[in-house]
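Secondary and tertiary structure notes
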Amino acid sequence: MGNLLKVLTREIENYPHFFLDFENAQPTEGERKVWNQLNSVLQDSESILTGLQGYKGAGQEIRDAIQNPNDMSLQERAWNSVCPLVIKLKTFYSFSLRLEEALKSLLKSLTCPPLTPTQHLEREQALAKQFAEILHFTLRFDELKMRIPAIQNDFSYYRRTISRNRINNMNLDIENEVNNEMANRMSLFYAEATPMLKTLSTATTNFVSENKTLPLENTTDCLSTMASVCKVMLETPEYSSRFSSKDTLLFCMRVMVGVIILYDHVHPNGAFTKSSKIDMKGCIKVLKDQPVDNVEGLLNALKFTTKHLNDESTPKNIQSMLQ
């Protein structure tokens, strides 16, 4: 059946349908160069998530230092606790920059003429799978980050201490690793509720603006097609039963939500209007049919990280589904 099993056995409401084998896709020779570039980034994604999952803040040490400003041993203890954490936060931030560049390369491959975005996704299944993996990683990272308020507390303490010590002309070796400009950029990144999604949204928007000869529809059609493919695979047992692992269904849900959010940020009218190429009502229904624990974070992502949900043009029944 080839790398991508096309399942246009029936056309439901004119949305595209194929089965993407997210579990077993392998690159063809034509995909290999871009696939290798993306793989070098994606192979580090699990260690990034593990590092974030194991992030233990320096809250107690910081509180002790603030409450006892004249106790130099407590100041030193807090500083020595925070510095390794800031290096770790820089690692996460640096990975987001690599991911941004990887996404631009991927979008270029999946949207370039003469093939339509749908044809690209059909024929370049391994790249479509990598796109899905980027989205899956992104939502997992942001779900974890939202549960760790210590990140911003630790980084704020670091910046305050750096500023104070700079005034005192102290020589701080860590500034070789995280200088003022880097700290400013990291601060903006971690101030976002969902920093990786913001990174992908910005990368996609920049890709569109940097490629003025490429019709906007090539990019938005790529996103809407991916959303439709995921929705159909989730709601149709003869497709979803082909997956060997239940984890792939959660993977599929995250990917669907990720591309909806990207579409909503890139398309001038967003994902929620009646003219949208994404069946938002169907996508939300698919999520709501799943166990609450699996989808609460995803529904919240649609509520709080999309751009156009509360626009006048969004049908009231769609808004009420997400309340």
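Residues numbered from 1 in each chain as written. Predicted model: local features only at pLDDT ≥ 70, side-chain atom pairs only at ≥ 80, totals over all residues. Heavy atoms only, no water.

**Topic: the overall build of the protein**
Helix and strand counts for the protein come out as 15 helices and 0 strands. Here the C-alpha atoms of the protein give a radius of gyration of 22 Å, agreeing with the 20 Å that 2.2 N^0.38 yields for 323 residues. Viewed in the frame of its principal axes, the protein has a C-alpha envelope of about 75 × 45 × 40 Å. Look at the contacts in the protein between residues 6 or more apart in sequence, and 76% of them connect residues 24 or more apart. When the accessible surface of the protein is totalled, it reaches about 15600 Å², and 49% of it is carbon and sulfur. Here the protein contributes 36 positively and 38 negatively charged side chains, and the mean placements of these two sets differ by 2 Å. (Helix = DSSP H or I, 4+ residues; strand = E, 2+ residues; numbered from the N terminus. Rg over C-alpha atoms; globule rule 2.2 N^0.38 Å. Contact = heavy atoms within 4.5 Å. Areas by Shrake-Rupley, 256 points an atom, 1.4 Å probe, with all protein chains shown as cover. Lys, Arg positive; Asp, Glu negative; His and termini not counted. Charge placed at Lys NZ, Arg CZ, Asp CG, Glu CD.)

**Details of the domain arrangement of the protein**
Each assigned domain of the protein is listed with its residue range as follows: domain 1 (21-191) and domain 2 (214-322). The centre of domain 1, based on its C-alpha atoms, is set 25 Å off from the matching centre of domain 2. For the pair domain 1 and domain 2, the summed buried surface comes to about 1900 Å²; carbon and sulfur atoms form 76% of the total. Contact with domain 2 buries surface across domain 1, with Phe22, Glu23 and Leu139 losing the most and accounting together for 31% of the total. Remark: the boundary between domain 1 and domain 2 carries 7 residue pairs in polar contact (both at pLDDT 80 or more). For the side of domain 1 that touches domain 2, the secondary structure elements donating two or more residues are α4 (72-111), α5 (117-123) and α6 (125-146). No other element matches α6, which puts 9 residues into the side of domain 1 that touches domain 2. Broken down by class, the residue content of the side of domain 1 that touches domain 2 amounts to 11 nonpolar, 3 polar and 4 charged. (Domains from an automatic or database assignment. Buried area = accessible area lost by both parts, 1.4 Å probe. Polar contact = N/O pair within 3.5 Å; in protein donor to acceptor, adjacent residues only side chain to side chain. Nonpolar A, V, L, I, M, F, W, Y, C, P; charged D, E, K, R; others polar.)

**A look at the packing of α6 against helix α12 (residues 247-266)**
With their axes 8 Å apart at the nearest point, α6 and α12 run at an angle of 90° to one another. With respect to α12, the axis of α6 lies roughly perpendicular. Contact residues: Phe131, Ala132, Glu133, Leu135, His136, Leu139, Arg140 and Glu143 in α6; Phe251, Arg254, Val255, Val257, Gly258, Val259 and Leu262 in α12. Residue classes in the contact of α6 with α12 are distributed as 9 nonpolar, 2 polar and 4 charged. (Axes fitted to C-alpha atoms, helices over the stretch in contact; angles between N-to-C directions. Parallel < 35°, antiparallel > 145°, perpendicular 65-115°, else oblique.)

**Describing the nonpolar core**
Within the largest apolar cluster, 101 residues are counted, with the highest numbers of intra-cluster contacts made by Phe131, Phe141, Tyr158, Met233, Ile260 and Leu287. Leave out the neighbours within four places in its chain, and phenylalanine 141 touches Ile48, Leu49, Leu52, Phe92, Phe189, Pro195 and Met196. (Core = buried A, V, L, I, M, F, W, Y, C linked by side-chain atoms within 4.5 Å. Buried < 20%, exposed > 50% of the residue type's maximum accessible area, 1.4 Å probe, protein only.)

**As for the pattern of salt bridges**
On inspection of all chains with the given rule, the structure shows 13 salt bridges. One salt bridge in this structure joins aspartate 44 and arginine 98, with 3.0 Å as the shortest N-O distance. On the criterion of sequence distance, the pair formed by aspartate 44 in the loop between α1 (32-42) and α2 (45-53) and arginine 98 in helix α4 is long-range, its members being 54 residues apart. A relative accessible area of 28% means that aspartate 44 is categorised as partly exposed. The partner of lysine 104 in a salt bridge is glutamate 101, and the shortest N-O contact between them spans 3.9 Å. (Salt bridge = Lys/Arg side-chain N within 4 Å of Asp/Glu carboxyl O.)

**With respect to the side chain of threonine 305**
Secondary-structure assignment places threonine 305 in the loop between α14 (292-304) and α15 (316-321). When its relative accessible area of 13% is taken as the criterion, threonine 305 is described as buried. A distance of 2.5 Å separates a polar side-chain atom of threonine 305 from the backbone oxygen of alanine 301. With sequence-adjacent residues up to four places away left out, threonine 305 is seen in contact with Thr194, Leu197, Ile261, His265 and Asn300.

**A few points about the confidence of the model for the protein**
Mean pLDDT over the protein stands at 88; residues scoring 70 or higher make up 92%. The least confident element of the protein is helix α11 (residues 237-240), whose mean pLDDT is 84; the most confident is α2, at 97. Every residue in residues 1-13 scores below 50 in pLDDT, and together they form 31 contacts with partners more than four places removed in sequence or on other chains. (pLDDT = per-residue confidence, 0-100.)

**Let's talk about the packing of aromatic side chains**
This structure, assessed with the given rule, holds 8 aromatic pairs. A centroid spacing of 5.9 Å and a plane angle of 45° characterise the contact between phenylalanine 137 and phenylalanine 141, whose relative ring orientation is tilted. Here phenylalanine 137 and its partner phenylalanine 141 are both found in helix α6, 4 residues apart, which amounts to about one turn of the helix. With a relative accessible area of 2%, phenylalanine 137 lands in the buried category. Under the relative-accessibility criterion, phenylalanine 141 is labelled buried at 0%. By way of ring pairs, the aromatic residues Phe92, Phe95, Phe137 and Phe141 are connected into one cluster. Note that arginine 32 overlies the ring of tryptophan 35, its terminal NZ or CZ placed 5.9 Å from the centroid. (Phe/Tyr/Trp six-rings, centres within 6.5 Å; stacked < 30°, edge-to-face > 60°. Lys NZ or Arg CZ within 6 Å of the ring centre and 35° of its normal.)

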